[in-house]
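Reading the structure
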Amino acid sequence: RGLGVCRNGRKDMALRCAASLAAGRQPRCPRLPRPAQEGTVRWSSAAKASAVKINEKASREKILTLESMNPQVKAVEYAVRGPIVLKAGEIEKELRKGIKKPFTEVIKANIGDAHAMGQRPITFLRQVVALCTYPNLLDSPSFPEDAKKRARRILQGCGGNSLGSYSASQGINCIREDVASYIERRDGGVPADPDNIYLTTGASDGIATILKILVSGGGRSRTGVMIPIPQYPLYSAVISELDAIQVNYYLDEENCWALDVNELRRSLNEAKAYCNPKVLCIINPGNPTGQVQNRKCIEDVIHFAWEEKLFLLADEVYQDNVYSEGCQFHSFKKILYEMGPEYYNNVELASFHSTSKGYMGECGYRGGYMEVINLHPEIKGQLVKLLSVRLCPPVSGQAAMDIVVNPPIPGEESYSQFIKEKESVLNNLAKKAKLTEDMFNKVPGIHCNPLQGAMYAFPRIFIPSKAIEEAKAHKMAPDMFYCMKLLEETGICVVPGSGFGQREGSYHFRMTILPPVEKLKILLEKVKDFHIKFLEKYA
């Protein structure tokens, strides 16, 4: 009744009844017999208000708050899915509600998600995964025999012949054997040991795992991790989470984003004053910059790592994505081997590959592998222990990875269709890389280096001082301000260069080249028109 007594006159039950009401339960008085059938109890507005007040008093302060949470997690930033993408999601909701915008759709060019951009799956890969997922299809005449052969082999490596079972923490043995065979073929006969292969949840999982086992020390002895700037934000995010020290080395934008060993040496020597640099990360082909390193550059980097006793991480997920004439992918493993036993037997190297990029674009399967060589035997045991905590990578992703490394070969039933689909995807990407470079370089105030590989453009943009001042007033980085304006006026979602790192005073954005050609042309025209208007407005 809101008077400190319950409706049956009991003061001692008032608080209990109010609390029950606030929790959404019908209060009952123990003095009264339980009714045969529940009826509706009506409460006055005063009683409800009293119940809410009591419930508010009963609630206590949260255990987990921004102040009490893990500070390393709070420090993590991941620009590829950062504020600009959240804003794009809000705009999409507004469009669905019928709110008028100067565009009809949001084009998400922020992330390398091939299938989301309309790329068709590789038929053979999907056939094998389908057969593994639903083995009854093995009796169907609709599936080719070479796909069935691979599916049976994968299923024989699974517990209970089922993709739904856990695998070994290091991954299914026959798939690791196929990865090793693939590496040997790719590298012209350089030996690969299946015991050095670890299947992972995408390449990101492998990178984070290796960094986790590498980071140690405190103060000036804390592990420093050398990463390229611009970089893929996974690296800075994992470094923050592990409370390691990020050591930046800058790629040479004036020389097509080349890696210069003199810059590596400058970065290393400066870092020694405040940390213990012991990891060197390389992304080849580059993300977001798209450069492909030549053989001489890789040799120089390996010699530098050997000389300075650095653990090498080679992110090679775009190894199939090389477009420019005169460019060729060289794996760090192959070059290391060819440099001779002094290097091959000593330099510790972890290299990474994935189902998500290349011609496959199978991001959702989260398939990947890492090959780790020259690891101390005791550390090998520690690595397997660490991997065992997460039990195993997704087994369907392992199956998808197997088809990447064990595709149809000449003479097999599916070869002609497979090679046709693969070459179609890669040729299409090469055309779009050239188209993007050419169109950007026709726009005043935009400069784009050749897109030698990967699947992104990272153009440099001129931002007038007036726009920089307005960005500061909005507490935004200038290129974030630019990208927000681009999104709000055109519906195009790209990622500001500040999320990847860039030299002070320079501004960029990263944009994927994955949309279909016609949509990509529209996107590039919209960027061009927006940029010209932006310059006019803030001149």
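Residues numbered from 1 in each chain as written. Predicted model: local features only at pLDDT ≥ 70, side-chain atom pairs only at ≥ 80, totals over all residues. Heavy atoms only, no water.

Attention now moves to the overall build of the chain. Broken down by element type, the chain carries 19 helices and 14 strands. When contacts within the chain are restricted to residue pairs at least 6 apart in sequence, long-range pairs at least 24 apart make up 70% of them. (Helix = DSSP H or I, 4+ residues; strand = E, 2+ residues; numbered from the N terminus. Contact = heavy atoms within 4.5 Å.)

With respect to the helices, strands and loops of the structure, Arg-222 is situated in the loop between α8 (202–214) and β3 (223–229). In this structure, Arg-222 is buried with no salt-bridge partner, the nearest side chain bearing the opposite charge being Asp-243 at 4.7 Å. Setting aside its immediate chain neighbours within four residues, Arg-222 contacts Val-215, Ser-216, Gly-217, Leu-242, Asp-243, Ala-244, Ile-245, Cys-275 and Asn-276. (Buried < 20%, exposed > 50% of the residue type's maximum accessible area, 1.4 Å probe, protein only. Lys, Arg positive; Asp, Glu negative; His and termini not counted. Salt bridge = Lys/Arg side-chain N within 4 Å of Asp/Glu carboxyl O.)

Turning our eyes to something else, we now look at the sheet that holds strand β8 (residues 367–373). Spatially, the 7 strands line up as an open sheet ordered β2-β8-β7-β6-β5-β3-β4, and their pairing is mixed. Looking along the sheet, the strands with just one partner apiece sit at the ends: β2 (197–201) and β4 (245–250). Strand-to-strand, the axes of this sheet are offset by a mean angle of 25°, without reference to chain direction. Where strand β7 (residues 349–354) lies against β8, 6 bridges are found, and the strand directions are antiparallel. Across the sheet, residue His-353 finds its bridge partner in β8, namely Tyr-369. Lying over the sheet, helix α15 (residues 395–405) contacts β2, β7 and β8, oriented at roughly 70° with respect to β8. (Pairing = 2+ DSSP bridges. Axes fitted to C-alpha atoms, helices over the stretch in contact; angles between N-to-C directions.)

Within the largest apolar cluster, 121 residues are counted, with the highest numbers of intra-cluster contacts made by Leu-125, Ile-210, Leu-313, Tyr-369, Phe-440, Phe-509 and Met-511. Looking at this core, the element that brings in the most residues is helix α16 (residues 415–440), giving 8 residues. Residues from two domains meet in this core; each of domain 1 (71–106 + 422–538) and domain 2 (123–405) gives at least three. Among the nonpolar cores identified, the runner-up in size contains 33 residues, and Trp-257, Phe-304, Leu-349 and Phe-500 belong to it. (Core = buried A, V, L, I, M, F, W, Y, C linked by side-chain atoms within 4.5 Å. Domains from an automatic or database assignment.)

Next up on the list: the state of the cysteines. With the rule as written, the count across this model stands at 0 disulfides. Cysteine Cys-132 is unpaired, with the sulfur of Cys-158 as its nearest cysteine sulfur at 6.8 Å. By relative accessible area, Cys-132 is classed as buried at 2%. Here Cys-483 is not disulfide-linked; the sulfur of Cys-493 is the nearest cysteine sulfur, at 8.5 Å. (Disulfide = S-S within 2.5 Å.)

A word on the sheet that holds strand β10 (residues 456–457). Sheet architecture is open: 3 strands sit in the order β10-β14-β13, paired in antiparallel fashion. This sheet does not close on itself; its edge strands, each paired only once, are β10 and β13 (495–496). Sheet topology places β10 next to strand β14 (residues 509–512); 2 bridges connect them, and they run antiparallel. Along β14, the bridge assignment pairs Ala-457 with Met-511.

Looking now at the side chain of Lys-485. Along the chain, Lys-485 falls in helix α18 (residues 478–490). No salt bridge forms around the buried Lys-485; measuring N to O, its nearest opposite-charge neighbour Glu-470 is 4.5 Å away. Those residues in contact with Lys-485, other than ones at most four positions away along the chain, are Glu-470, Phe-530 and Tyr-538.

A few words now on the packing of aromatic side chains. In total, this model carries 14 aromatic pairs according to the counting rule given. Here the aromatic rings of Tyr-337 and Tyr-344 are separated by 4.5 Å at their centres, their planes lie at 85°, and the arrangement is edge-to-face. On the basis of relative accessible area, Tyr-344 is assigned to the buried category, the value being 18%. Grouped by ring-pair contacts, the aromatic residues Phe-440, Phe-481, Tyr-482, Phe-509, Phe-530, Phe-534 and Tyr-538 constitute a single cluster. A cation over a ring is seen here: Arg-510 above Tyr-456, with NZ or CZ 3.8 Å from the ring centre. (Phe/Tyr/Trp six-rings, centres within 6.5 Å; stacked < 30°, edge-to-face > 60°. Lys NZ or Arg CZ within 6 Å of the ring centre and 35° of its normal.)

So, about the pairing of β2. Of all 5 residues in β2, 4 are buried; the element is thus mostly enclosed. Sheet topology note: the β2/β8 ladder contains 5 bridges and is antiparallel. Looking at β8, one finds that Thr-200 is bridged to Gly-368.

A word on the pattern of salt bridges. Using the criterion set out here, one finds 25 salt bridges in the structure. The partner of Arg-295 in a salt bridge is Glu-299, and the shortest N-O contact between them spans 3.3 Å. On the criterion of helical spacing, the pair formed by Arg-295 and Glu-299 is a turn pair, its members being 4 residues apart in helix α11 (residues 295–308). The exposure class assigned to Arg-295 is partly exposed, which follows from its relative accessible area of 31%. Taking the relative accessible area as the measure of exposure, Glu-299 reaches 25% and is therefore partly exposed. One salt bridge connects Glu-525 with Lys-528, and the closest N-O pair in it is separated by 3.9 Å. Of this pair, Glu-525 and Lys-528 both sit in helix α19 (residues 517–538), 3 residues apart, which is roughly one turn of that helix. Using a relative accessible area of 34% as the deciding quantity, one classes Glu-525 as partly exposed. What makes Lys-528 partly exposed here is its relative accessible area of 31%. Three or more residues joined by partner-sharing salt bridges are found here, namely Arg-153, Glu-177 and Asp-178.

We now examine α18. The terminal C-alpha atoms of α18 lie 18 Å apart, and with 13 residues this matches the ideal 18 Å at 1.5 Å per residue to within 8%. Of all 13 residues in α18, 11 are buried; the element is thus mostly enclosed. Of the residues making up α18, those classed as buried are Pro-478, Asp-479, Met-480, Phe-481, Tyr-482, Cys-483, Met-484, Lys-485, Leu-486, Leu-487 and Thr-490. At the exit of α18 stands Gly-491, carrying a positive phi of roughly 80°. (Expected span 1.5 Å × (residues − 1).)

So, about the packing of α8 against helix α9 (residues 234–241). It is the contact of α8 with α9, at a shortest axis distance of 10 Å, that shows an interaxial angle of 35°. Two packed elements cross with a definite hand, and for α8 against α9 that hand is right-handed. The segment α8 lies against α9, with Ser-204, Ile-207, Ala-208 and Leu-211 engaging Leu-234, Tyr-235 and Val-238. Its residues assigned to classes, the contact of α8 with α9 shows 6 nonpolar, 1 polar and no charged. (Left-handed = near helix turned anticlockwise from the far one by under 90°. Nonpolar A, V, L, I, M, F, W, Y, C, P; charged D, E, K, R; others polar.)

So, on to the pairing of β7. Counting buried residues in β7 gives 6 out of 6 residues, a clear majority hidden from the surface. Residues Leu-349, Ser-351 and His-353 point to one face of β7 and Ala-350, Phe-352 and Ser-354 to the other, with burial holding for every one of them.

Here Cys-256 lies in the loop between β4 and α10 (261–271). Spatially, the C-alpha atom of Cys-256 lies 9.3 Å from that of Val-292, the residues being 36 residues apart in sequence.

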